[in-house]
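Observations on the model geometry
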Amino acid sequence: MPPSPSPTVSDLDAHLGFHLRAVSNHVSQAFAGKLAGQGVTTAEWVVLRALYGAPPTAPSQLAARLGLTRGAITKLADRLIAKAFLTRTASPEDGRAQTLALTPAGTALVPDLAALADRNDADCFGVLDATERATLKALLARIAAHCRITAAPVE
């Protein structure tokens, strides 16, 4: 006979993190699917959006702003350069330093990808009214600040 469950062991769905993860997984996977149709990953989208409207940016500055490692930025930049969405150029002030900037194709793509992000949010959070969405956003921001979460979500 199996031992009876301990009354001190909480159910999975008793945890807010369980529900948060379920929603997060759904939202993230739905968005990743929409981006895949455009040939872009979520991490690449984050970099493209960060560079949209920005002057040429040093990879180290981009890494710091997004909370990613320089190595991660280099790998993402290499992939986006191969897709002709990004350029890497020697800095005019210091030829050893490099900057990243969107190509015209990358600049043209960002509004389309942003529309996909907006549509994904509407699909997933449209059940909430504007006040509820604002409250949820504020609560999540407060939790992120409490947990010192500063990195951009790329996975």
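Because the structure is a prediction, the values reported are computed rather than measured.

Cut-offs and rules
Going along each chain's sequence as written, the residues are numbered from 1 onward. This being a predicted model, a pLDDT of at least 70 is required before a residue's local features are given, and a value of 80 or more before pairs of side-chain atoms are given or counted; all residues contribute to the totals for chains, interfaces and linings. Hydrogens and water are ignored here; the side-chain numbers use all heavy atoms of the structure. What counts as an axis is a line fitted to C-alpha atoms, over the stretch in contact for a helix, and the angles between N-to-C directions run from 0 to 180 degrees. Helix numbers and strand numbers start at the N terminus; a helix is a DSSP run of H or I with at least 4 residues, a strand a run of E with at least 2. For a crossing to be left-handed, the near helix must be turned anticlockwise from the far one by less than a right angle; the clockwise case is right-handed. Contact criterion: two residues are considered in contact whenever any of their non-hydrogen atoms come within 4.5 Å of each other. Ten residue types, Ala, Val, Leu, Ile, Met, Phe, Trp, Tyr, Cys and Pro, are classed as nonpolar, four, Asp, Glu, Lys and Arg, as charged, and the remainder, Gly among them, as polar. For every residue, the accessible area obtained with a 1.4 Å probe (protein chains only) is divided by the maximum for its type, and the residue is called buried under 20%, exposed over 50%, and partly exposed between those limits. To define a nonpolar core, start from buried Ala, Val, Leu, Ile, Met, Phe, Trp, Tyr and Cys residues and group those joined through side-chain atoms within 4.5 Å. Basic side-chain nitrogens of Lys or Arg form a salt bridge, by our definition, when they fall within 4 Å of a carboxyl oxygen of Asp or Glu. In this analysis, rings of Phe, Tyr and Trp, with Trp reduced to its six-membered ring, are considered paired at centre separations within 6.5 Å, and the interplanar angle assigns stacked below 30 degrees, edge-to-face beyond 60, and tilted for intermediate values.

**Examining the packing of helix α1 (residues 16-36) against helix α5 (residues 104-125)**
It is the contact of α1 with α5, at a shortest axis distance of 10 Å, that shows an interaxial angle of 145°. The two elements α1 and α5 meet at a crossing, and its hand is right-handed. Along its contact with α1, which presents V23, H26, V27, A30, F31, K34 and L35, the element α5 presents L113, L116, A117, N120, D123, C124 and F125. Partitioning the contact of α1 with α5 into residue classes produces ten nonpolar, two polar and two charged.

**Focus on unusual backbone geometry**
Here A84, not a glycine, exhibits a phi torsion of approximately 65°, which is positive. Tracing the backbone shows A84 in the loop between α4 (70-82) and β1 (86-90). Even without a glycine there, the phi angle at R148 is positive, about 60°. Inspection of the secondary structure assignment puts R148 in the segment after α6 (130-146). Take R148: its relative accessible area is 71%, and that puts it in the exposed class.

**Quick look at the environment of G67**
Its place among the elements puts G67 in the loop between α3 (59-66) and α4. Its relative accessible area of 37% is what places G67 among the partly exposed residues. Along the backbone, G67 and I149 are 82 residues apart, and their C-alpha atoms lie at a distance of 9.1 Å.

**Quick look at the nonpolar core**
Grouped together as the largest cluster of nonpolar side chains are 29 residues, with contacts concentrated most on W45, V47, L48, L62, L66, I73 and L113. Counting only elements with at least two residues in this core, the list comes to α1, α2 (42-51), α3, α4, β2 (98-102) and α5. With seven residues, the single largest contributor to this core is α2. If near-sequence neighbours (up to four positions away) are discounted, L66 is found in contact with V46, V47, A50, I73, T150, A151 and A152.

**Notes on the pattern of salt bridges**
A complete count under the given rule lists four salt bridges for this structure. Residue K34 is joined to D123 by a salt bridge in which the shortest nitrogen-to-oxygen separation is 3.6 Å. Linking K34 in helix α1 with D123 in helix α5, this pair joins segments that are 89 residues apart in sequence. With relative accessibility at 54%, the residue D123 sits in the exposed group. Its salt-bridge partner being E44, residue R79 comes within 2.8 Å of it at the nearest N-O pair.

**Digging into the side chain of T99**
Relative to the assigned elements, T99 resides in strand β2. A residue is classified by how much of its surface remains accessible, and T99, at 16% relative accessible area, is buried.

**A look at the packing of aromatic side chains**
Following the criterion strictly, the structure yields one aromatic pair and no others. Residues F31 and W45 carry aromatic rings whose centres are separated by 6.2 Å and whose planes lie at 80° to one another, so their mutual orientation is edge-to-face. Taken together, the residues span a long stretch of sequence, with F31 in helix α1 and W45 in helix α2 at a distance of 14 residues. Its relative accessible area of 9% is what places F31 among the buried residues.

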